[in-house]
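If you want the building blocks of each chain, they are given just below.
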Amino acid sequence: TLGDGSAGGALYAGGTLALQNSAAFSNATVGTDSRGGALFATGALSISNTTLAGNSTAGAGASGGALAGHTEVSLLNATLSGNSTAGTSAAGGAVYAYGYGGAGLSLGNSIVLGNSASGEGDDVALNTAFGGQTQYSGGNIVGLTMTADGVQTGVTEAAEVFRDVAETLADADADGTPEAGTGI
């Protein structure tokens, strides 16, 4: 999706969006204040049993390489990896949660790792100005750069190990085998 203010490269919901048992790869939004490379919702955004990979946003103020949501963003059994956001003040390589109405980010048994942002929050950025908070439940792996209004939070020790594994898999040859010397 191209143009200033573009949102939801694959799906745009002008309300609540629930996505289950799905995958979104290589979608993009490009332009000033572009949001949600794959998914954007003005209401609650619920993702379960889903993989979002290789999605991107680009432009000044871009946010949420994989997804962006205005209110509650909930991830359950989800994998978000290899997503990116680029541009001046870009935030949330995988996820950007605006936190309107005090809503925030909820993670359950999810992997959010190996994403990148040219601004804050390579993996996750959460706007807490409206009272939004992050809640974790069981078995989450969140990358090394999760931010809440520019302050790094919620880093797990296991994230370093899984980041190394994700980088090795990303460097795999076309036939799916790791390059010589990378090892797992």
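Structure's up top.
Here's what I pulled together on the structure shown here.

The rules we used
Residues numbered from 1 in each chain as written. Predicted model: local features only at pLDDT ≥ 70, side-chain atom pairs only at ≥ 80, totals over all residues. Heavy atoms only, no water. Helix = DSSP H or I, 4+ residues; strand = E, 2+ residues; numbered from the N terminus. Buried < 20%, exposed > 50% of the residue type's maximum accessible area, 1.4 Å probe, protein only. Contact = heavy atoms within 4.5 Å. Areas by Shrake-Rupley, 256 points an atom, 1.4 Å probe, with all protein chains shown as cover. Polar contact = N/O pair within 3.5 Å; in protein donor to acceptor, adjacent residues only side chain to side chain. Phe/Tyr/Trp six-rings, centres within 6.5 Å; stacked < 30°, edge-to-face > 60°. Lys NZ or Arg CZ within 6 Å of the ring centre and 35° of its normal. Pairing = 2+ DSSP bridges. Core = buried A, V, L, I, M, F, W, Y, C linked by side-chain atoms within 4.5 Å.

Across its full length, the protein holds one helix and 21 strands. Taken across its 184 residues, the protein has 43% of its residues classed as buried. Excluding contacts between residues fewer than 6 apart, the proportion of contacts in the protein whose partners are at least 24 apart in sequence is 73%. Total accessible area on the protein stands at roughly 7900 Å², and carbon and sulfur atoms take up 52% of it.

A few words on the side chain of Thr57. Looking at the secondary structure, you find Thr57 in strand β8 (residues 56–58). Residue classification places Thr57 among the buried residues on the basis of a relative accessible area of 2%. Polar contacts involving the side chain of Thr57 include one to the side chain of Thr85, which spans 2.4 Å. Apart from the residues lying within four places of it in its own chain, the contact partners of Thr57 are Thr29, Ser34, Arg35, Gly36, Gly37, Ala62, Ser63, Gly64, Gly65, Ser84, Thr85 and Ala86.

To continue, consider the packing of aromatic side chains. Applying the stated criterion across every chain yields a total of two aromatic pairs. Centre to centre, the rings of Tyr12 and Phe40 are 5.4 Å apart; their planes meet at 25°, and the pair counts as stacked. Highlighted residues: Tyr12 in strand β1 (residues 11–13) and Phe40 in strand β5 (residues 39–41), separated in sequence by 28 residues. Both rings, one in Tyr96 and one in Tyr98, keep their centres 4.7 Å apart while their planes meet at 70°; by these two values the pair is edge-to-face. When sorted by exposure, Tyr96 lands in the same class as Tyr98, which is buried. The ring of Phe40 carries the charged tip of Arg35 above its face, separated from the ring centre by 4.6 Å.

This part takes up the sheet that holds strand β16 (residues 116–117). The four strands are arranged β4-β8-β12-β16 in an open sheet whose pairing can be described as parallel. With partners counted over all chains shown, the strands left at the sheet margins are β4 (28–30) and β16, one partner each. Here β4 runs beside β8; their pairing, made up of three bridges, is parallel. If you follow Val30 over to β8, its bridge partner there is Ala58.

Once that is clear, we can look at the nonpolar core. Ranked by internal contacts, the top residues of the largest apolar core, which has 24 residues, are Leu39, Ile47, Leu67, Leu75, Leu80 and Val95. Those elements that place two or more of their residues in this core are β2 (17–20), β5, β6 (45–48), β10 (73–76), β13 (95–97), β14 (105–108) and β17 (124–126). Apart from the residues lying within four places of it in its own chain, the contact partners of Ile47 are Leu19, Leu39, Leu67, Ser74, Leu75, Leu76 and Ala78. Counting residues in hydrophobic clusters, the runner-up holds seven residues, among them Phe40, Ala68, Tyr98 and Ala125.

What follows concerns the pairing of β2. Covered by surrounding structure in β2 are Leu17 and Leu19 only, the residues Ala18 and Gln20 on the alternate face being uncovered. Two elements, β2 and β6, share four bridges in a ladder whose sense is parallel. Bridging across to β6, Ala18 finds its partner in Ser46.

All right, on to the side chain of Thr29 then. For Thr29, the position within the fold is in strand β4. Apart from residues lying up to four places away in sequence, Thr29 is in contact with Thr1, Ser6, Ala7, Gly8, Gly9, Ser34, Arg35, Gly36, Gly37, Ser56, Thr57 and Ala58.

Two strands pair when backbone bridges link them, and β6 and β10 are joined in this way by four bridges, in the parallel orientation. Of the residues in β10, the one forming a bridge with Leu45 is Val73.

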